[in-house]
Amino acid sequence: MASASFVKLNASSSSLIGQQSFNKRSGSASSRSPAARVSVIRAGSYSEELVKTAKTIASPGRGILAIDESNATCGKRLASIGIENTEPNRQAYRQLLLTTPGLGQYISGSILFEETLYQSTTDGKKMVDCLREQNIVPGIKVDKGLVPLPGSNNESWCQGLDGLASRSAEYYSQGARFAKWRTVVSIPCGPSALAVKEAAWGLARYAAISQDNGLLPIVEPEILLDGDHSIDTTLEVAERVWSEVFYYLAQNNVMFEGILLKPSMVTPGADHKQKADAETIAKYTLTMLKRRVPPAVPGIMFLSGGQSEMEATLNLHAMNQSPNPWHVSFSYARALQNSVLKAWQGRPENVEAGQRALLTRAKANSLAQLGKYSAEGESEDAKKGMFVKGYTY
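Source: prediction; values computed, not measured.

**Structural notes on the overall build of the protein**
Logical step 1: Counting its regular elements, the protein contains twelve helices and twelve strands.
Logical step 2: Relative to its full complement of 393 residues, the protein shows a buried share of 57%.
Logical step 3: When the accessible surface of the protein is summed, it comes to about 16,500 Å², and 50% of that surface belongs to carbon and sulfur atoms.

Here it is as structure tokens:
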């Protein structure tokens, strides 16, 4: 196994993002004065565990169930079926998902919101224990959401680095073994060089801090579907974003064997007049990944980003028609939950129906990960797109 080293920098050091020391080499290491050298230490006791966690999540036929919506966004989910946004109702819904019998056959990890990480079922069992009993790795959303980025083209940056180390250590003690940090890039906004650099730097700092505290980081710069741009434009922007991301991951000495990626698929903008079929999306997406992602990375866990349930599954299936350097799988939220909510309707007598709906979608995506999915028999609801312009979490 490859060894790893981490640069010890304070989380607030994002102010260094524009400094020359992170953009250019200023001579050989031997020519630098002792005061100019950065102290580097080994990753410590978590290196082997990080690699093991990555391999468990990136296991054949399995992917991630993302239920890390904030309480406000979970409320939107519940409102869609006429249910009030209260903690008992959120608990009932998350309990339905996480106690689904047989879920571990298709799901290897689940991203939780902080409330769920500390929550128990109505009969007193910890939610994280429900996952571990099925060999599903508990994960945790650690970012603090998007805020306006001053000096940009009406773009955002993701906050949450302050206090991340202590929070990560606490999440680890509660049973989490991987983390998720989502930032976004908007093609209609440019994107500006500032926004791309800020996204990449923030992801790299988060990844280094997570690894230092035992949490496998999922790296997620979501390139939003909003816009009327072509698939070629998306490819160009995605290559630029991922190039920047891996540059700063390397600068922060992040161990690539101990991360997972959560990219957007390379698609046309949601408003573009010419849609792309699954084979085209697969071709463009894999082209981007092969140009930018080192084979040391264990897994690519795609987000669905507002695609219909069937679209997300079809596209994943198309990407697994030939061998890839990485485990190519899913980390879906809406594309796994939409049918569940409609089947459940917030009624106790419908819990089993909701769980069957979850297993149906999870199995479909498991087959897609193995390259064996067929859309025959899919419902009309599964074909309905879920894109929301300007969607927030």
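**What to know about the packing of helix H3 (residues 87–98) against helix H11 (residues 334–344)**
Logical step 1: Axis separation between H3 and H11 bottoms out at 12 Å; the angle between their running directions is 115°. Crossing of H3 over H11 shows right-handed handedness. Along its contact with H3, which presents Asn89, Ala92, Tyr93, Leu96 and Leu97, the element H11 presents Gln337, Val340, Leu341 and Trp344.
Logical step 2: Taken together, the residues that form the contact of H3 with H11 break down as seven nonpolar, two polar and no charged.

**Some points on helix H9 (residues 278–292)**
Logical step 1: Relative to the 21 Å expected for 15 residues at 1.5 Å per residue, H9 spans 21 Å between its end C-alpha atoms, a close match to the ideal helical length.
Logical step 2: The secondary structure elements touched by the buried residues of H9 are helix H8 (231–251), strand S11 (299–302) and helix H10 (309–319).

**Observations concerning the side chain of Asp68**
Logical step 1: Structurally, the position occupied by Asp68 is in the loop between strand S3 (63–67) and helix H2 (71–79).
Logical step 2: Within the local environment of Asp68, its side chain forms a polar contact with the side chain of Lys180, the two groups lying 2.7 Å apart.

**Regarding the confidence of the model for the protein**
Logical step 1: Taken as a whole, the protein shows an average pLDDT of 88; of its residues, 84% reach a score of 70 or greater.
Logical step 2: This model gives residues 1–32 a pLDDT under 50, and the stretch forms 62 contacts once residues within four places in sequence are excluded.

**Some remarks on the pairing of strand S9 (residues 216–223)**
Logical step 1: A large share of S9 lies buried, amounting to eight of its eight residues.
Logical step 2: Here S9 shows no split at all, with Leu216, Ile218, Glu220 and Glu222 on one side and Pro217, Val219, Pro221 and Ile223 on the other all buried.
Logical step 3: Summarising the sheet, strand S8 (residues 178–185) and S9 pair through eight bridges and their orientation is parallel. Bridge pairing in S9 links Val185 to Ile223.

**A look at the pattern of salt bridges**
Logical step 1: Tallied over the full model, the rule gives twelve salt bridges.
Logical step 2: Arg77 is paired through a salt bridge with Glu69; the nearest N and O atoms lie 2.9 Å apart.
Logical step 3: Residue Glu133 is joined to Lys125 by a salt bridge in which the shortest nitrogen-to-oxygen separation is 3.2 Å.
Logical step 4: The class of Glu133 is exposed, set by a relative accessible area of 58%.
Logical step 5: Salt bridges linked by common partners bring Asp68, Lys180 and Glu220 together as one network.

**Some details on the sheet that holds S8**
Logical step 1: Ordered in space as S3-S4-S5-S8-S9-S10-S11-S12, the eight strands form a closed barrel in which the pairing is parallel.
Logical step 2: Each of S3, strand S4 (107–112) and strand S12 (327–332) is contacted by helix H12 (residues 351–369), which is oriented at about 160° to S12, the strand it contacts most.

**Topic: the packing of helix H7 (residues 193–212) against H8**
Logical step 1: Running from N to C, H7 and H8 cross one another at 40°; their axes reach a closest spacing of 8 Å. Considered as vectors, H7 and H8 are oriented oblique to each other. Of the two elements, H7 crosses H8, and the hand of that crossing is right-handed. Along its contact with H7, which presents Ala193, Val196, Lys197, Ala200, Trp201, Leu203, Ala204 and Ala207, the element H8 presents Arg240, Val241, Glu244, Val245, Tyr248 and Leu249.
Logical step 2: When the residues that make up the contact of H7 with H8 are grouped by side-chain class, the tally is eleven nonpolar, no polar and three charged.

**Considerations on H11**
Logical step 1: Summarising burial for H11: nine of the eleven residues are buried, a large majority.
Logical step 2: Listed as buried for H11 are Arg334, Ala335, Leu336, Gln337, Asn338, Ser339, Val340, Leu341 and Trp344.
Logical step 3: Once H11 finishes, Gln345 follows within two positions and takes phi at roughly 60°, a positive value.

**Thoughts on the nonpolar core**
Buried together is how nonpolar side chains tend to be arranged in soluble globular proteins.
Logical step 1: Among the nonpolar cores identified, the biggest contains 106 residues, and Leu65, Tyr206, Phe246, Leu249, Leu261, Phe302 and Tyr332 are the most heavily contacted of them.
Logical step 2: If we skip the residues at most four places from it in the chain, Leu65 touches Leu97, Leu98, Leu103, Ile107, Gly109, Ser110, Ile111, Tyr332, Leu336 and Leu358.

**Brief notes about the packing of aromatic side chains**
Logical step 1: Going through the model one piece at a time under the given rule, you end up with eight aromatic pairs.
Logical step 2: Pairing Tyr247 with Tyr248 gives two aromatic rings, centres 4.9 Å apart and planes at 80°, and the pair type is edge-to-face.
Logical step 3: Residue classification places Tyr247 among the partly exposed positions, given a relative accessible area of 30%.
Logical step 4: An aromatic cluster is present here, built from Trp201, Tyr247 and Tyr248 joined pairwise through their rings.

Conventions used here
- All residue numbers refer to positions counted from 1 along the written sequence of the respective chain.
- Side-chain atom pairs in this predicted model are given and counted only at pLDDT of 80 or more, local residue features only at pLDDT of at least 70, and totals for whole chains, interfaces and linings cover all residues.
- Computation of side-chain values covers all heavy atoms of the structure but excludes hydrogens and water.
- Secondary structure is summarised from DSSP: a helix means a run of H or I of at least four residues, a strand means a run of E of at least two, and numbering begins at the N terminus for each.
- Exposed residues in this analysis have more than 50% of their type's maximum accessible area, buried residues have under 20%, and partly exposed residues fall in between, with area computed by a 1.4 Å probe over protein chains only.
- Every accessible area reported is derived by Shrake-Rupley at a probe size of 1.4 Å, with residue values counting cover from the shown protein chains alone.
- Think of each axis as a best-fit line through the C-alpha atoms, taken over the contacting stretch in the case of a helix, with angles from 0 to 180 degrees between the N-to-C directions.
- Left-handed is the label given to a crossing in which the near helix is rotated counterclockwise from the far helix by less than a right angle, and right-handed is the label when the rotation is clockwise.
- It only takes one pair of heavy atoms within 4.5 Å for two residues to be counted as in contact.
- Following the grouping adopted for this structure description, the nonpolar residues are Ala, Val, Leu, Ile, Met, Phe, Trp, Tyr, Cys and Pro, the charged ones are Asp, Glu, Lys and Arg, and the polar ones are all others, Gly among them.
- Multiplying one less than the number of residues by 1.5 Å gives the expected span of a helix.
- For the purposes of these results, a polar contact is taken to be a pair of N or O atoms within 3.5 Å, where, inside protein, one atom must be able to donate a hydrogen and its partner to accept one; residues adjacent in sequence count only when each atom of the pair is a side-chain atom.
- Think of pLDDT as the predictor's per-residue confidence, scored from 0 to 100.
- DSSP calls a pair of strands paired once it identifies at least 2 bridges connecting them.
- Only one rule defines a salt bridge in this text: a Lys or Arg side-chain nitrogen within 4 Å of an Asp or Glu carboxyl oxygen.
- Orientation is classified from the angle alone, with under 35 degrees giving roughly parallel, over 145 giving roughly antiparallel, 65 to 115 giving roughly perpendicular, and any other angle giving oblique.
- For the purposes of this section, nonpolar cores are sets of buried Ala, Val, Leu, Ile, Met, Phe, Trp, Tyr and Cys residues that join through side-chain atoms within 4.5 Å.
- Put simply, two rings from Phe, Tyr or Trp (the six-membered ring, in Trp's case) pair if the centres are within 6.5 Å, and we call them stacked under 30 degrees between planes, edge-to-face over 60, tilted for the rest.

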